[in-house]
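# Survey of secondary and tertiary structure
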Amino acid sequence: MREWTREERYRVLHSADEIAELHDRNAKSVYRQTYHVQPITGLSSDPNGFVLYKGTWHLCYQWCPWGAVHGLKYWYHATSPDLIHWNNAGVGMWPDTEYDNKGCHSGSAITDGKELYFFYTGNHRDENWVRTPYTCAAIMDAEGALKKLPEPLFGPRPDYSEHQRDPKVFYIAEKERYYIFIGAQTLDGKGCVQVYQSKELLSGWEFAGQLKVPGYEDFGGMWECPCIQNISGKDVLLFSPQYTKLPGRGESTNHNVYLIGHMDYDTLTFTPEGDYQYLDFGFDYYAAQLASNVGDPDKAVIIAWIGLPDNHYPTEEEDWEGSMALPRELRIVDGKLVQAPMAGISELRDKELPADGTLPAAGELEVTLDGKDAELHLFCKADGTGGMNLYYDAAKGVVTVDRTGMNKRFNTKVFEVLDMPLSKPLTNLRIFIDRCSVELFANDGEATFTTHLYPTEEEFHFTATDNVTVKGWTYKPSVKDDFVV
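As the structure is a computational prediction, the values presented were derived from the model and not from experiment.

Calculation notes
- Residues numbered from 1 in each chain as written.
- Predicted model: local features only at pLDDT ≥ 70, side-chain atom pairs only at ≥ 80, totals over all residues.
- Heavy atoms only, no water.
- Phe/Tyr/Trp six-rings, centres within 6.5 Å; stacked < 30°, edge-to-face > 60°.
- Helix = DSSP H or I, 4+ residues; strand = E, 2+ residues; numbered from the N terminus.
- Buried < 20%, exposed > 50% of the residue type's maximum accessible area, 1.4 Å probe, protein only.
- Pairing = 2+ DSSP bridges.
- Axes fitted to C-alpha atoms, helices over the stretch in contact; angles between N-to-C directions.
- Core = buried A, V, L, I, M, F, W, Y, C linked by side-chain atoms within 4.5 Å.
- Contact = heavy atoms within 4.5 Å.
- Arc of directions from axis to C-beta.
- Lys, Arg positive; Asp, Glu negative; His and termini not counted.
- Salt bridge = Lys/Arg side-chain N within 4 Å of Asp/Glu carboxyl O.
- Polar contact = N/O pair within 3.5 Å; in protein donor to acceptor, adjacent residues only side chain to side chain.

Here the focus is the packing of aromatic side chains. In this structure the tally under the stated criterion is 35 aromatic pairs. Centre to centre, the rings of Tyr35 and Tyr475 are 4.8 Å apart; their planes meet at 55°, and the pair counts as tilted. Here Tyr35, found in the loop between α2 (17-27) and β1 (42-53), pairs with Tyr475, found in strand β34 (residues 469-475); they are 440 residues apart in sequence, far enough to count as distant. Taken individually, Tyr35 and Tyr475 each receive the classification buried, so the pair is uniform in this respect. Their ring planes at 40° and their centres at 5.8 Å tell us that Phe50 and Trp57 sit as a pair that is tilted. Given a relative accessible area of 0%, Phe50 falls into the buried group. Given the relative accessible area of 10%, Trp57 is considered buried. One aromatic cluster is present, formed by Tyr216, Phe219, Trp223, Phe239, Tyr276, Tyr278 and Phe281 through successive ring pairs.

On to the sheet that holds strand β8 (residues 146-148), then. One open sheet holds the four strands; their spatial order is β5-β6-β7-β8, and the pairing between them is antiparallel. Here the strands that pair on one side only, and so sit at the sheet edges, are β5 (104-111) and β8. Strand after strand, the sheet turns through a mean of 30° between neighbouring axes, direction not considered. Relative to strand β6 (residues 116-125), β5 runs antiparallel, the two sharing seven bridges. Its bridge partner being in β6, Thr111 is matched across the sheet by Leu116.

The biggest cluster of nonpolar side chains holds 106 residues, and the ones touching the most others in it are Trp63, Phe181, Leu211, Leu237, Leu378, Leu390 and Ile431. Not counting residues within four places of it along the chain, the set of residues in contact with Ile431 comprises Gly363, Glu364, Leu365, Val367, Leu376, Leu378, Val438, Glu439 and Leu440. Counting residues in hydrophobic clusters, the runner-up holds 17 residues, among them Ile260, Leu290, Ala300 and Leu337.

Ordered by their spatial adjacency, five strands build an open sheet running β29-β28-β27-β26-β33, and the pairing between neighbours is antiparallel. For this open sheet the edge positions go to β29 (417-421) and β33 (461-464), each flanked by a neighbour on one side alone. Averaged over all pairs of adjacent strands, the angle between their axes in this sheet comes to 15°, without regard to strand direction. Relative to β29, strand β28 (residues 398-405) runs antiparallel, the two sharing five bridges. Note that in β29 the partner of Val399 across the bridge is Met420.

Now for α2. Side chains of residues three or four places apart in an α-helix project in the same direction, reflecting 3.6 residues per turn. Every buried residue of α2 is listed here: Ile19, Leu22, His23 and Asn26. The buried side chains of α2 occupy one side of the element, clustering within an arc of 110° when seen end-on. Residues of α2 that are buried sit in contact with β1, β2 (56-64) and β20 (320-321).

Assignment of secondary structure puts Glu459 in the loop between β32 (447-452) and β33. Comment: no salt bridge for buried Glu459; closest opposite-charge side chain is Lys381, at 4.4 Å. Of the polar contacts made by the side chain of Glu459, one reaches the backbone nitrogen of Thr456; its length is 2.8 Å.

At Asn293, a residue that is not glycine, the phi angle is positive and equals roughly 70°. For Asn293, the location among the structural elements is in the loop between β18 (286-290) and β19 (300-306). Unlike most non-glycine residues, Asp334 shows phi in positive territory, near 55°. Take Asp334: its relative accessible area is 67%, and that puts it in the exposed class.

Along β18, five of the five residues are buried, which leaves the element largely enclosed by surrounding structure. In this sheet, β19 lies alongside β18 in antiparallel orientation, the contact comprising three bridges. Within β19, the position partnered with Leu290 by the bridge is Ile302.

See below:
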């Protein structure tokens, strides 16, 4: 694995010509995806500024252009008419001010019906590399460019650690106020959320206090990417706790969880109705963000980064890594979030797979089961050995996913085997395959499992027990991998 100097990681991009050759190399990778948003070069990580505005979906994401390394972060901008077909729109925000001299870090977007506003963390470092995080804003102009405000909205609070970032902005009509949730860490190293409020979007922001979540006062060491939305009368709080190990998650210290409950904006208290639940049970799903301005009180739309902080992936050798997960519709059913891929995704189906046990490089599988013990071996060799293996234990109600049989193994010290628990017998799976990622939707979205996977040429076969029926299709591309800077 390449060792990057600080100077290399934080080099400023001045011209598209500087990364044109890298893009040409990256584009030749057999792992470049066809219907997932991915970086034109280098690294993509957290989704940012996810919003529906005047009929167009806007999505930005963290981008480091030089390689698969976390360094100087830009916001790269993509747009879509339907959350299935995507176009590269170029760099949305450049780290070009005093307040974001070492990166435009994660944030969100909101519209007042007229303008589109973006909120982000400006990552400033001084000559001694001491960090100061600023909460900054930008407005999209008529040409689609994001124009920054000349000054931050506010700076960090000294009674918290330097970890104060990822502003999620939203409006609560009953209070006639805008709010910002910011992921933070207390001085004694505990994860939390700061709450700011204002009657105006671009001025008047005041610190309202720290979000109180009874029972979660000592849960993780930093809460990244906090997000809240009301769905069908219930408040849903999402966040990504770091610096902690959680049950059933191997050696990982980065997670994505949610709570369903009630938010009281007078007391800044979120009261959970039950325990936290994992957003996705897979190896690689993080920094999820809910879209703004969806307009349906009974659903939300979510997107996340396929990847985890501190983890490493085989395409790092090719100087690129990361992608966005498929956007998903969220609804609440029986006290849990149910996730479904966007309905129009089936329009990408092209050719039906032959019944010879071969897998597509990019496509979909529909798997039917009878609720009894079952096995499905994906990406195995022609003789049925190896691969990523799924074992369903009906008595325990658990699907175990084991990727130890793959030729290209990675993050072996973190986890290679994880469980996906189910509350109902397993009767169906939808499996989305796209070159270097696999997303499983079990029981119509009761549970999901997302992973990077890097099959070699000999690993495009599958086998299954007799009580498993598999039908599949190749997919037409829906993401234009154009070199737009």
